[in-house]
Amino acid sequence: MSTPATTPVSGPAARGVTPVDLHSARSVLGAHASRIQRTGRTLPFSDERHLQASQWLVDEAWLLDAQAYEEWLELLTDDIHYLMPVRVTTALGAGYDTSPGMAHFDEDKYSLSRRVARFLTEHAWTEDPPSRLRHHLSNVRTFATDDPDHLVVDSATLLFRNRGDVREGSFVSAGREDLLRRTDEGWKLARRTIMVDDAVMRMQNLAIFL
Amino acid sequence: MSDQSAVLNDVRRGMIPAHIYNDQELFELEKERVFGRAWVFVAHESEIPNAGDYVVRRVLEDSFIIARDEKGVVRAHFNMCLHRGMQVCRAEMGNASHFRCPYHGWSYRNDGRIVGLPFHQEAYGGEAGFKRKGQRLLPAPNLASYNGLIFISMDPDAQPLEEFLGDFRFYLDYYTRQSPSGIELRGPQRWRIKANWKIGAENFAGDMYHTPQTHTSVVEIGLFREPKAEKRKDGCTYWAGSGGGTTYKLPPGSLDERFRYVGYPQEMVDRMKQMLSEDQLKVVGDDGFMISAASIYPNLSLVHNWPKVADTDQVLPFISIRQWQPISADETEVLSWFAVDAEAPEEFKALSYKAYLMCFGSTGMFEQDDVENWVSLTNTAAGSMARRLLLNSRMGLLEDGTEVVPALGPDQFHGPGVAHTGYAEYNQRELLTRWADHIEQPVKAASTLEVGGAEQVSVSQAGAARPAVPEPADQDRADQARADRLGAQA
Ligand code: FES
Ligand SMILES: [Fe+2]
């Protein structure tokens, strides 16, 4: 499959800053996570693998909007690493822009399953009444890996969350890097790194998933 | 400014005018009279372990660079250039030998002294026009630390920090002195909530009553075995010095067994037995109480809990330190750090961090439900109806002031201060009484510093956490040359 010459070359997000796909390896609780990384350039948008990855992400976004968390959990592999580093403002050239050793989410299947189980109790007050959620998804690009059963997918997400009738809604904007794994039950999420664009979150809590 | 004495008197008798949780006029008074004089936490020394390390933190609107200088002295510089007032450092953390202002290029050593002033001779006629020598970024009016916790007071005449903390230090040690190396902090996570800052401080200080209701869900999912209503009321609340907190009653057992019950490995227990005093150990071993949440007036809170972190019966303790930083009458920025004993085994540190993430902080499953309540409360306190409502904060007292449950005697509780078992609002009243005492009294006008003029910063205000070593004056010129050579900037 040929790649148009204009396709952007994959690589680190910015000079001097940790490439997204290394955050999982460096995080405190990422020891169990898959280390598979992207290879080569962005797959053409017409590539079957890109189409499948894009559809997976769109379907997932609808599940998250609907807070269909049990179904969502089924889409995660047992060795999932779900990471959302804390972003910090550092000088250009400091070499890092995430808080060392700290994250908002640094999750495995167990901790995610507890979070989901909590939402399913009748006593998770923060989501009763539930928020109105919309995950806006864009900028999807897909990369092959050395393993034909794994794809790396970048995407941008903008979550709008609104509660009640008095407070204004709030936003979370983030870039994500996902590792998708082909299984007998279809593609599953094996690793996600969420690079949020806020150093100080403007949301009362993160009782949501990105 | 209207007379607040009726409000303050109501607060002192435990009848809380609901509007104090969302009141513009009171917020203005808090800025001047609470945060204008109290000791306010800004950082922990473990966040800036090496020379040149810094973090930028705020006390209300005032930005401070908390830096460790080349001699290892911790300092707090007001983050405003002495020239035209530009923010000198715009990163929130890093390592720098010098800070260079982006506006006209004045530069400062990390101990605050000015070293680079472009065209000093041509523009000012040198020292004759502008006394560069001895000028430094304006230091915080008062700076001190306890167990590595660094505090700023905006009052140069504030009582010494240790005196201010008073007997609360006894309890602070459980969180921050589990080994000779003390704690290390990670984070903070930062997020803004549409809630008044006092609500979180009150809750952490003593609200054992909310746990079984607010946090039902975390018990239901098997994360935490403690918050069941029966268990929580067997614990006690205590108030000592400038802070107070809550405890859980531990099951019968020896001192070692009780520490292990909350998940400490024996090697950490052994170190705690070396570090803690006889009475501190008796509170656990004899009295059977384990510290949990706590607050230090005005806006610093601590947490110690022990949830499950995997699908086993094992629990893991974690410690969190957090600050309720006021943004406005109805908004607070939460800064939430994970803290762990520096000598703990690496595996313990990782799992303790996992316990923290699952329970507290921006994603914590306890925290999520707390904040929902506080946002809602703040919102409801804004209107005129809230001005007609005095909330009863007298839990634990009969109408005539008799205690529902008498205070624990010295043989039942070996800690200082006053402790009571069961549900009560003693600590919330203690916190708000201090608040009322501060709100009542205006602060003295602050002294000013004339930049480049004859007036110099006095030694006692030099902004060092430890006495600064006298510095050779002729160092200045060499420093400036070095700064210019390095072209260093933050
Ligand atoms: S304002 Fe900083 S150099 Fe002018
Ligand atoms: Fe709570």
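Residues numbered from 1 in each chain as written. Chains lettered and ligands numbered in written order. Predicted model: local features only at pLDDT ≥ 70, side-chain atom pairs only at ≥ 80, totals over all residues. Heavy atoms only, no water.

A.B. asks: Looking at this model, I keep getting lost on the overall build of chain B. Mind explaining?
C.D. replies: Secondary structure assignment for chain B yields 16 helices and 20 strands. Taken against the 2.2 N^0.38 rule, which gives 23 Å for 490 residues, the C-alpha radius of gyration of chain B at 24 Å falls within 12% of a compact globule. Along the first, second and third principal axes, the C-alpha set of chain B runs to 75 × 55 × 40 Å. By the burial criterion, 61% of the 490 residues in chain B qualify as buried. Contacts in chain B between residues far apart in sequence, at least 24 positions, make up 69% of those at least 6 positions apart. Accessible surface, chain B: about 18,600 Å² in total, of which carbon and sulfur atoms supply 50%. Across chain B, 51 positive and 67 negative side-chain charges occur, with their mean positions spaced 4 Å apart. (Helix = DSSP H or I, 4+ residues; strand = E, 2+ residues; numbered from the N terminus. Rg over C-alpha atoms; globule rule 2.2 N^0.38 Å. Buried < 20%, exposed > 50% of the residue type's maximum accessible area, 1.4 Å probe, protein only. Contact = heavy atoms within 4.5 Å. Areas by Shrake-Rupley, 256 points an atom, 1.4 Å probe, with all protein chains shown as cover. Lys, Arg positive; Asp, Glu negative; His and termini not counted. Charge placed at Lys NZ, Arg CZ, Asp CG, Glu CD.)

A.B. asks: Whenever I open this one, a nonpolar patch on the surface confuses me. Can you help?
C.D. replies: A cluster of nonpolar side chains, namely B:Leu398, B:Val404 and B:Val405, defines an oily patch on the protein surface of about 240 Å² accessible area. Inspection of the secondary structure puts B:Leu398 in the loop between β19 (390-392) and β20 (418-421). (Patch = residues over 30% accessible without salt bridge, like charges linked within 9 Å, V, L, I, M, F, W, Y side chains within 5 Å. Salt bridge = Lys/Arg side-chain N within 4 Å of Asp/Glu carboxyl O.)

A.B. asks: Which parts of the structure should I look at to understand the sheet that holds strand β17 (residues 318-328) of chain B?
C.D. replies: Within a beta sheet, neighbouring strands are joined by backbone hydrogen bonds and run either parallel or antiparallel to one another. Residue and element names in this part refer to chain B. Taken in spatial order, the eight strands line up as β12-β18-β17-β16-β15-β14-β13-β20 in an open sheet, and their pairing is antiparallel. Edge positions in the sheet fall to β12 (183-193) and β20, since each of these pairs with one other strand and no more. Sheet twist, expressed as the average angle between the axes of neighbouring strands with direction ignored, equals 20 degrees. Pairing geometry for strand β16 (residues 300-305) and β17, over six bridges, is antiparallel. Bridge assignment links Asn305 to a residue of β17, and that residue is Phe318. Strands β13 (236-240), β14 (243-249), β15 (289-296), β16, β17 and β18 (331-341) of the sheet are contacted by helix α6 (residues 197-206), whose axis makes an angle of about 160 degrees with β15. (Pairing = 2+ DSSP bridges. Axes fitted to C-alpha atoms, helices over the stretch in contact; angles between N-to-C directions.)

A.B. asks: What am I meant to see in the coordination of the iron ion (ligand 2) here?
C.D. replies: Each pair of donors in an ideal four-coordinate tetrahedral metal site encloses 109.5 degrees, whereas pairs in an ideal six-coordinate octahedral site enclose 90 or 180 degrees. Residue and element names in this part refer to chain B. Of the protein atoms, only His210 (NE2), His215 (NE2), Asp370 (OD) and Asp370 (OD) coordinate the iron ion (ligand 2), at distances of 2.1 to 2.4 Å. Given four donor atoms and angles of 57 to 149 degrees at the metal, the environment of the iron ion (ligand 2) is assigned as irregular. Taken in chain order, the donor set of the iron ion (ligand 2) reads H-x4-H-x154-D. Pair noted here: His215 is in the loop between α7 (211-214) and α8 (216-220) and Asp370 is in helix α14 (residues 365-380), with a separation of 155 residues, a long-range link. (Donors = N, O, S within 2.8 Å, 3.2 Å for Na, K, Ca; no water. Tetrahedral: all angles 85-135°; square planar, octahedral: opposite > 155°, others 65-115°.)

A.B. asks: Help me understand the pairing of β16(B) in this model?
C.D. replies: Note on strand geometry: in a regular strand, side chains alternate between the two faces of the sheet. Residues and elements named next belong to chain B. With respect to burial, β16 is a largely interior element, six of its six residues being buried. Here β16 shows no split at all, with Leu300, Leu302 and His304 on one side and Ser301, Val303 and Asn305 on the other all buried. Taken together, the three bridges between β15 and β16 define a ladder with antiparallel strand orientation. Looking at the pairing, Ala294 lines up with Leu302 of β16. From the end of β15 to the start of β16, which pair antiparallel, there are three residues.

A.B. asks: For this particular structure, what's the right way to read the domain arrangement of chain B?
C.D. replies: Quite often, the size of an interface is put as the accessible area lost when its parts meet. Residue and element names in this part refer to chain B. With domains assigned, chain B is organised as domain 1 (41-145 + 448-486) and domain 2 (187-439). Of note, the centres of domain 1 and domain 2, computed from C-alpha atoms alone, are 38 Å apart. Across the contact, seven residues belong to domain 1 and 13 residues belong to domain 2. Regarding the contact of domain 1 and domain 2, the summed buried area is about 780 Å², with carbon and sulfur atoms giving 46% of it. (Domains from an automatic or database assignment. Buried area = accessible area lost by both parts, 1.4 Å probe.)

A.B. asks: Teacher, can you tell me more about the sheet that holds strand β7 (residues 98-100) of chain B here?
C.D. replies: All names here are of chain B. With respect to topology, three strands assemble into an open sheet ordered β7-β8-β9, the strand pairing being antiparallel. This sheet does not close on itself; its edge strands, each paired only once, are β7 and β9 (114-116). For this sheet, the mean angle separating the axes of adjacent strands, direction not counted, is 35 degrees. The pairing of β7 with strand β8 (residues 107-109) spans three bridges and is classified as antiparallel. Among the inter-strand pairings, Arg100 is bridged to a residue of β8, identified as Ser107.

A.B. asks: Just checking my understanding: could you explain the packing of aromatic side chains for this structure?
C.D. replies: We describe a pair of aromatic rings using the distance from one ring centre to the other and the angle between the two ring planes. According to the stated counting rule, one finds 40 aromatic pairs over all chains in the structure shown. Aromatic side chains A:Tyr82 and A:Phe209 sit 6.1 Å apart centroid to centroid with 80 degrees between the ring planes, which places their arrangement in the edge-to-face category. Of this pair, A:Tyr82 sits in strand β2 (residues 76-87) while A:Phe209 is found in the segment after β7 (186-196), placing the two residues 127 residues apart along the sequence. An identical accessibility class is assigned to A:Tyr82 and A:Phe209; each is buried. On the basis of an interplanar angle of 10 degrees and a centroid distance of 5.3 Å, the ring pair of B:Phe360 and B:Phe366 is categorised as stacked. In terms of burial, B:Phe360 and B:Phe366 fall into one category: buried. A connected cluster of aromatic rings, assembled from ring pairs, spans B:Phe204, B:Phe224, B:Tyr248, B:Trp306, B:Phe318, B:Trp324, B:Phe338, B:Tyr353, B:Tyr356, B:Phe360, B:Phe366 and B:Trp374. Its guanidinium or amino end placed over the ring of B:Tyr426, B:Arg429 lies 4.9 Å from that ring's centre, counting from NZ or CZ. (Phe/Tyr/Trp six-rings, centres within 6.5 Å; stacked < 30°, edge-to-face > 60°. Lys NZ or Arg CZ within 6 Å of the ring centre and 35° of its normal.)

A.B. asks: I'm lost on the interface of chain B and chain A in this one. Help?
C.D. replies: At the interface, 44 residues of chain B touch 44 residues of chain A. For the pair chain B and chain A, the two sides together bury roughly 3,800 Å², of which 57% comes from carbon and sulfur. Looking only at chain B, the three residues that lose the most surface to chain A are B:Ile221, B:Tyr353 and B:Gln368, adding up to 15% of its buried area. Where chain B meets chain A, there are three salt bridges. Among the salt bridges present, the one from A:Arg118 reaches B:Asp369, with a minimum N-O distance of 2.5 Å. Counting across the chain B and chain A interface gives 28 residue pairs in polar contact (both at pLDDT 80 or more). (Polar contact = N/O pair within 3.5 Å; in protein donor to acceptor, adjacent residues only side chain to side chain.)

A.B. asks: Help me understand helix α2 (residues 48-65) of chain A in this model?
C.D. replies: Residue and element names in this part refer to chain A. In a regular helix each residue adds 1.5 Å, so 18 residues correspond to 26 Å; α2 covers 26 Å between its end C-alpha atoms and thus fits that length. If you check which residues of α2 are buried, you get His50, Ala53, Ser54, Trp56, Leu57, Glu60, Ala61, Leu63, Leu64 and Asp65. Looking at the buried side of α2, the elements it contacts are α3 (69-74), β4 (132-145), β5 (150-162), β6 (170-183) and β7. For α2, the N-terminal cap is Asp47; the gap from its side-chain oxygen to the backbone nitrogen of Arg49 is 2.7 Å. Backbone geometry just after α2 places Gln67 at a positive phi near 55 degrees. (Expected span 1.5 Å × (residues − 1).)

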